[in-house]
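# Summary of structural features
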Amino acid sequence: MARQKKQPVENAFALFDVIYQDGARTSNRKVPTADIDQFDRENSIRTFLEAQDRKIAEMSGNPRGPIKSITPSA
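Below you will find a few notes about this structure. Because the structure is a prediction, the values reported are computed rather than measured. (Residues numbered from 1 in each chain as written. Predicted model: local features only at pLDDT ≥ 70, side-chain atom pairs only at ≥ 80, totals over all residues. Heavy atoms only, no water.)

Attention now moves to the overall build of the chain. In terms of helices and strands, the chain carries 1 helix and 3 strands. Taken from N to C terminus, the helices and strands of the chain fall in the order β-β-α-β. Burial status across the chain gives 26% buried among its 74 residues. A separation threshold of at least 6 residues defines the contact pool for the chain, and within that pool the share at least 24 residues apart is 39%. (Helix = DSSP H or I, 4+ residues; strand = E, 2+ residues; numbered from the N terminus. Buried < 20%, exposed > 50% of the residue type's maximum accessible area, 1.4 Å probe, protein only. Contact = heavy atoms within 4.5 Å.)

Attention now goes to the sheet that holds strand S1 (residues 13–20). Taken in spatial order, the 3 strands line up as S2-S1-S3 in an open sheet, and their pairing is antiparallel. Of all the strands in the sheet, just strand S2 (25–32) and strand S3 (67–72) have a single pairing partner and so form its edges. The sheet shows a mean angle of 35 degrees between the axes of neighbouring strands, taken without regard to direction. For S1 and S3, the ladder comprises 5 bridges, and the chain directions are antiparallel. Along S3, the bridge assignment pairs Ile-19 with Ser-69. (Pairing = 2+ DSSP bridges. Axes fitted to C-alpha atoms, helices over the stretch in contact; angles between N-to-C directions.)

Take the environment of Ile-67 next. Secondary-structure assignment places Ile-67 in strand S3. Separated by 42 residues in the primary sequence, Ile-67 and Arg-25 have C-alpha atoms spaced 9.6 Å apart. Those residues in contact with Ile-67, other than ones at most four positions away along the chain, are Val-18, Ile-19, Tyr-20, Gln-21, Arg-46, Leu-49, Glu-50 and Asp-53.

With that settled, the discussion passes to the nonpolar core. Counting 10 residues, the largest nonpolar core consists of Ala-14, Phe-16, Val-18, Tyr-20, Val-31, Ile-36, Ile-45, Leu-49, Ile-67 and Ile-70. The leading source of residues in this core is S1, at 4 residues. (Core = buried A, V, L, I, M, F, W, Y, C linked by side-chain atoms within 4.5 Å.)

With that settled, the discussion passes to the pairing of S2. Relative to S2, S1 runs antiparallel, the two being bridged by 6 bridges. Within the sheet, the bridge partner assigned to Val-18 lies in S2 and is Thr-26. Here S1 hands over to S2 after 4 residues, with Gly-23 in that stretch at a positive phi of 95 degrees.

Just distances and angles here, no functional claims.
What follows is the structure, encoded as structure tokens:
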């Protein structure tokens, strides 16, 4: 019986630093590279991070303010 090759799993992440309107900063936020649209990169990253913030706020009861800027982590 022949063995089938397993497809490689894509587990790559891009890291971003986020600054919020109130001056708060979070570093090294993970965004799966599969979720980043190459044609609308900024918007797809922002959308993913905002959804992540909503989920965290739902669990903790502490809502985040709006995102001011997003930069790639060094």
